[in-house]
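What the coordinates show
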Amino acid sequence: MTENAKHQPRFGIQGSVIGWQDPWAQEASDLYMRTGTGAVIASQDQTPTPAQFIAALKDLQADFYVHHVFPGLEGQQQLLLDARDNGIDLVLGNEYGNINGPWVEGTNRYDVPDDALHAAAASGKLIGLLYDEPEHLQINVGQYRKDAWLPHWGDSGSASMDAAREQVTKAVSARAQHVRNQLAAAEVQPEKVPMLSEQVFPTLFHVQARGGMAPCPKIMKESFQPLQLATALGAAKQYGLPLWICADLWGPDVGPWPTRTSGFPGHSPEEFASALQMGYLLGPTHLFAENADVLLRYGAGGFEKSIFGDVWQSFAATAKPLDWSHRDATADVVIIHSDDSNYGQNERPFGSRSLPMPETSQSIFDVWHLLSGGVIPAHGSCLHIPGYDFPRHELKRRVPADKFPLPHGVDTAAAGSYPPAVHPLFAPLPSTLVFDGFVRAEVIGRPRLILVAGSSVSASTLQDVHKLAEEGATVIAAAWLLPAEWREEKRFASGGSWLPADDFLSDRVREHAAPHIGGENRWMQRFGDYEVRIYPRDSDGFTLDFETVKRSK
């Protein structure tokens, strides 16, 4: 950014899914499943009017409202009128349709119908089209739809990893082009209404970005935060897309905080405060909270903020414009790997039940283990892998559904036998960006260390990376990806080096990587001349401290 430029991310709130009926679709709210819990959960509060809810959004300083479209389009027209009249922007989400149908033929995906999309665009208030966890529903196909195995972007019966990857990208691209056509017909510039890939798993960001979907990583949730954000940042940078961030309060932990149901919220108010600041400092274009019913309660006296609502309001009121945005992200360490759709499940690549997951796809887990000093496990990239016992599961076993909400949560110390909290925010990491196997030198930049992993890489990318080693970078590349003439270790007069590796956790790899990793108990991300430095505030890293430094030129 220029010396005088400032960047101000926009803030939003996603609607209630348990707390109260949707103000625009009251009767429909308790007919459809509005959560991924597999059951219809009755609303817990009284129902606000649309005017009351919009007033509450404005009190929370929300610039936009994230609304999941009801499959029957209940309340949709009045929502558009109220948004227009009250000056609040809209993001339309597809989660309720994903859960309940109707689904696009041959998929488990709900697309907002063309007429509804056109009307929302024509209202002048539509700023985004949110696809809820499309990577999850591509890989874990039976999450909602039980009648057949129908991945989110379809299943072409591809005979290879490369073909399966390309099929997903082409399906995303076809949908993105269709949406652009609809927006153009409504006389809306397509780039002003991105298709958003809101994801819990840090995989398929790049595959979908190639097709035109802007990354929207969930933070908190069950993610390893540096891994999730470095991956999404890299996808946005590589494909020239905006970056949105969802601060998702669903999660694994329990504690003495207001609790709507098991896992909601699954993070403490203190963790929420740190996560909001963390996400903001990454310079996204938009940042929103999921969901409103953690921030607010509604009763006879109107809306009342919870402690989470107080945290959000304090954050929104004090967030100052930034001297950088996500587009300025640069890296000391670059990871290049084929986006193999593997988060540790080690099967069903791209949703295929016939293709085996290549063992080489697991090499990316070793890379993260190496860069994080062993904090991120070497067998997966999120908490949905063996070794994590979620406290929320114990809460669900102990407390019947009709006993929720719990105004004060649970006293884990007094209860005695709840598993300890499992989701700290912190892991150490040098300034890192993740690109896929199609990246070129002009995007890679001039990192000190480049690691190339996964099951495949394009010949052009490999050529560019080898040239960067000749020009001074330290490159460690999976030996199985290399032509025979490049399978020997080499040092160059520039100071660069080339190390083929069969194991990213070998002593030789650690020796080469060590000078570029640093070893400090710090997570850093660079944005042009600025460094965002993140430290654990408590011993486990559930809360964070931040430092921003402008580097001297």
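Our subject is the structure listed above.
What comes next concerns the included structure. Being a predicted model, the structure only gives us computed values, none of them experimental. (Residues numbered from 1 in each chain as written. Predicted model: local features only at pLDDT ≥ 70, side-chain atom pairs only at ≥ 80, totals over all residues. Heavy atoms only, no water.)

**Thoughts on the packing of aromatic side chains**
In this description, an aromatic ring pair is defined by two values, namely the gap between the centres and the angle between the planes. Using the criterion set out here, one finds 24 aromatic pairs in the structure. Aromatic ring contacts, followed pair by pair, group W20, W24, F53, Y65, Y298 and F303 into a single cluster. Here the basic side chain of R210 rests over the ring of F438, its NZ or CZ set 4.1 Å away from the ring centre. The cationic tip of R398 hangs over the ring face of Y418; the distance from NZ or CZ to the ring centre is 4.0 Å. (Phe/Tyr/Trp six-rings, centres within 6.5 Å; stacked < 30°, edge-to-face > 60°. Lys NZ or Arg CZ within 6 Å of the ring centre and 35° of its normal.)

**Considerations on the environment of V509**
Secondary-structure assignment places V509 in helix α18 (residues 507-517). Overall, the relative accessible area of 1% leaves V509 in the buried class. C-alpha separation for the pair V509 and S456, spaced 53 residues apart in sequence, amounts to 20 Å. Setting aside residues up to four positions removed in sequence, V509 forms contacts with L370, I476, L499, A501, D503 and F504. (Helix = DSSP H or I, 4+ residues; strand = E, 2+ residues; numbered from the N terminus. Buried < 20%, exposed > 50% of the residue type's maximum accessible area, 1.4 Å probe, protein only. Contact = heavy atoms within 4.5 Å.)

**Focus: empty space enclosed by the protein**
For the structure shown, the criterion picks out four cavities of 30 Å³ or more. What the largest cavity holds in volume is close to 100 Å³. Around the largest cavity sit 15 residues that line it, and P202, H337, N342, I364 and S381 are the ones nearest its centre. Elements that contribute at least two residues to the lining of the largest cavity include exactly α9 (225-239) and α13 (363-371). Broken down by element, the lining of the largest cavity gets its largest block of residues, three residues, from α13. Grouping the constituent residues of the lining of the largest cavity by class yields five nonpolar, eight polar and two charged. In this structure, the second largest cavity is lined by 13 residues; those nearest its centre are G15, S16, D22, Y65 and Y96. Tallying contributions element by element places strand β2 (residues 64-68) first for the lining of the second largest cavity, with four residues. (1 Å grid on protein atoms, 1.4 Å probe; cavity = no way out; pocket = protein on both sides within 12 Å on 5 of 7 lines; lining within 4 Å. Points joined across faces, edges and corners; volume = space filled by probe spheres on them. Nonpolar A, V, L, I, M, F, W, Y, C, P; charged D, E, K, R; others polar.)

**Some thoughts on the layout of surface pockets**
In this approach the atoms are scanned with a rolling probe the size of a water molecule, which exposes any empty space left behind. Here the largest pocket is characterised by a volume of approximately 900 Å³. Along its surface, the largest pocket is lined by 41 residues, and G36, T37, W250, S262 and R392 are the ones closest to its centre. Ranked by residues supplied to the lining of the largest pocket, first place goes to helix α14 (residues 391-398) with three residues. Tallied by class, residues from the lining of the largest pocket come to 14 nonpolar, 15 polar and twelve charged. Its volume calculated, the second largest pocket comes out at about 380 Å³. Contributing to the lining of the second largest pocket are 19 residues, with E191, K192, V193, P194 and P242 lying nearest its centre.

Scope: geometric values only; no functional claims are made or implied.
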